[in-house]
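# Working through the structure, step by step
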Amino acid sequence: MMPVERLTPVRRVSAKRLMDVTGGLLLLLLLTPLMAVIAVAVALTSRRAALVRHRRIGLAGRPFGILAFRAAPGTRTGRLLRRHFLDELPQLVHVVRGEMSLVGPRPLRPEDADPAVGGLRTRLGVRPGLTGLWQVSGRSDMPWEEKAVLDLHYVEQHWLGLDLAIMVRTLPAALVGRRPRVPVRHA
């Protein structure tokens, strides 16, 4: 009798993951010169490391360290990066690595990610994204509850066509940018 060989299971790659890897690599290639300029500008204006790492919660509640450009609000460079979401460009690395997707709900901070809370458990069923429904709605200043509703809608309804529509709307949303925060004065 011949020995039975163990076969390793074939991993199937979804169309979404294929789009993430292809799009992430292409964007990294195209945006590397811009990211180099941003890194130099941040280093010159903040006198600290250009990149920072924050703990976030990803797919299935797994923690990971998310990269971002240092965007100190007290500097002109930091305000520009935050306003146009440029501080998040290093997260393309996480997309390629499989910790994030191009489109999905934003990754949660550990203190905001209690999986016992109903909607959050559902949300942790997909990879967090670089962009999503509320980011392209033009209202990044909406209350957390409204953002959570849009994130849950995405999780329940996501399909490749919706991802493509969100990606098409992302560039115009980034160019327009976030509205500057107006300080509230109390009498």
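Scroll up a little and you will see the structure.
This is a predicted model, so every value here is computed, not measured. Throughout this description, residue numbers start from 1 for each chain and increase along the sequence as written. It should be noted that, the model being predicted, local features are given only for residues of pLDDT at least 70 and side-chain atom pairs only at 80 or more, the latter also being counted only at that level, while totals for whole chains, interfaces and linings use all residues. In computing side-chain values, all of the structure's heavy atoms are included and hydrogens and water are not.

### Re helix α5 (residues 144-157)
Because each turn of an α-helix spans 3.6 residues, side chains separated by three or four positions in sequence point in the same direction. Threshold: What counts as a helix is a DSSP run of H or I of at least four residues, what counts as a strand is a run of E of at least two, and both are numbered from the N terminus. One fewer than the residue count of a helix, multiplied by 1.5 Å, yields its expected span. Under the scheme applied here, a residue whose accessible area is under 20% of the maximum for its type counts as buried, over 50% as exposed, and between as partly exposed, the area being computed with a 1.4 Å probe on protein chains only. What the arc describes is the spread of directions from the helix axis to the C-beta atoms.
Counted at 1.5 Å a residue, the expected span for α5 with its 14 residues is 20 Å, and the 20 Å between its end C-alpha atoms agrees. Every buried residue of α5 is accounted for by K147, D151, Y154 and V155. Buried residues in α5, looked at end-on, bunch into an arc of 100°, giving them a common side. Exposed positions of α5 whose direction lies more than 90 degrees from the buried face are E145, V149 and E156.

### Considerations on helix α6 (residues 160-176)
Condition: Two axes are fitted around each residue, one to the seven residues ending there and one to the seven starting there, and the angle between them is reported as the bend at that residue.
Helix length check: α6, at 17 residues, gives a terminal C-alpha distance of 25 Å against a target of 24 Å (1.5 Å per residue), a fit within 8%. The principal kink in α6, of about 30°, is found at T170, preceding the proline P172 by one to four residues. With its phi angle positive at about 80°, G177 sits one or two positions after the end of α6.

### Considering the nonpolar core
Here is the rule we go by: The nonpolar core is taken to be a set of buried Ala, Val, Leu, Ile, Met, Phe, Trp, Tyr and Cys residues, with the residues joined through side-chain atoms within 4.5 Å. In what follows, a contact means two residues having at least one pair of non-hydrogen atoms within 4.5 Å.
Of all hydrophobic cores here, the largest spans 24 residues; its most connected members are I38, F69, L81, Y154 and I166. Mapped by element, the contributors of at least two residues to this core are α1 (15-46), β2 (63-69), α3 (92-97), β3 (101-103), α5 and α6. Non-local contacts of I38, meaning those with residues more than four positions away in its chain, are made with F69, L81, L86 and L89. Membership of the second largest hydrophobic core comes to 5 residues, among which are I57, L108, A113 and L120.

### Some points on the pattern of salt bridges
Applicable threshold: Salt bridges are defined as contacts in which a side-chain nitrogen from Lys or Arg sits within 4 Å of a carboxyl oxygen from Asp or Glu.
This model, assessed by the stated rule, comprises 6 salt bridges. The salt bridge partner of R97 is E99, with a shortest N-O separation of 3.1 Å. Classification of R97 as exposed rests on a relative accessible area of 55%. Where R109 meets E111, a salt bridge forms, and the shortest distance between an N and an O atom there is 3.4 Å. Given the relative accessible area of 58%, E111 is considered exposed.

### Re empty space enclosed by the protein
Which entries qualify depends on this criterion: Each cavity reported here is a set of points on a 1 Å grid over the protein atoms alone in which a 1.4 Å probe fits but cannot get out, each pocket an open set with protein on both sides within 12 Å along at least five of seven lines, and each lining residue one with an atom within 4 Å of a point. Grid points are joined across faces, edges and corners, and a volume is the space filled by probe spheres set on the points. As a working rule, the residues Ala, Val, Leu, Ile, Met, Phe, Trp, Tyr, Cys and Pro are called nonpolar, Asp, Glu, Lys and Arg charged, and the rest polar, with Gly in that last group.
Applying the stated criterion across every chain, the model contains 1 cavity of 30 Å³ or more. Looking at the largest cavity, its volume works out to about 50 Å³. Lining of the largest cavity is provided by I57, G58, P105, R106, P107, L108, R123, L124, V126 and P128. Looking at side-chain class alone, the lining of the largest cavity contains 7 nonpolar, 1 polar and 2 charged residues.

### Focus on the packing of aromatic side chains
Counted only if it meets this: We call Phe, Tyr and Trp rings a pair once their centres come within 6.5 Å, taking the six-membered ring for Trp, and we label the pair stacked below 30 degrees between planes, edge-to-face above 60, and tilted otherwise. Note on criteria: charge over ring means Lys NZ or Arg CZ within 6 Å of the ring centre, with the direction from the centre no more than 35 degrees off the ring normal.
Applying the stated criterion to the full structure yields 0 aromatic pairs. The residue whose ring lies beneath K147 is W134, and the NZ or CZ to ring-centre distance is 4.3 Å.

### Focus: the layout of surface pockets
Each pocket or cavity is described by its volume, and for the second largest pocket that value is around 650 Å³. For the lining of the second largest pocket, the leading source of residues is α6, giving 7 residues. The residue inventory of the lining of the second largest pocket, partitioned by class, reads 16 nonpolar, 4 polar and 1 charged.

### Some details on a nonpolar patch on the surface
Under the convention used in this document: Patch definition: residues above 30% relative accessible area lacking any salt bridge, with like charges linked at up to 9 Å and the nonpolar side chains Val, Leu, Ile, Met, Phe, Trp and Tyr linked at up to 5 Å. Each accessible area is a Shrake-Rupley estimate made with a 1.4 Å probe; only the visible protein chains count as cover when residues are assessed.
Judged by side-chain polarity, L26, L29 and L30 come together as a nonpolar surface patch covering roughly 340 Å² of accessible area. Looking at the element boundaries, L30 is found in helix α1.

### Overview of the packing of α1 against α6
What counts is decided by this rule: Think of each axis as a best-fit line through the C-alpha atoms, taken over the contacting stretch in the case of a helix, with angles from 0 to 180 degrees between the N-to-C directions. Any angle that falls under 35 degrees is termed roughly parallel, while one over 145 is termed roughly antiparallel, one within 65 to 115 roughly perpendicular, and all others oblique. The crossing is said to be left-handed when, going from far helix to near helix, the turn is anticlockwise and less than a right angle, and right-handed when the turn is clockwise.
In the contact formed by α1 and α6, the axes pass within 10 Å of each other and the chain directions differ by 25°. The angle between the axes of α1 and α6 places the two elements in the roughly parallel class. Between α1 and α6 lies a crossing of right-handed hand. The residues of α6 that touch α1, namely those facing A15, K16 and M19, are L160, D163, L164 and M167. Taken together, the residues that form the contact of α1 with α6 break down as 5 nonpolar, no polar and 2 charged.

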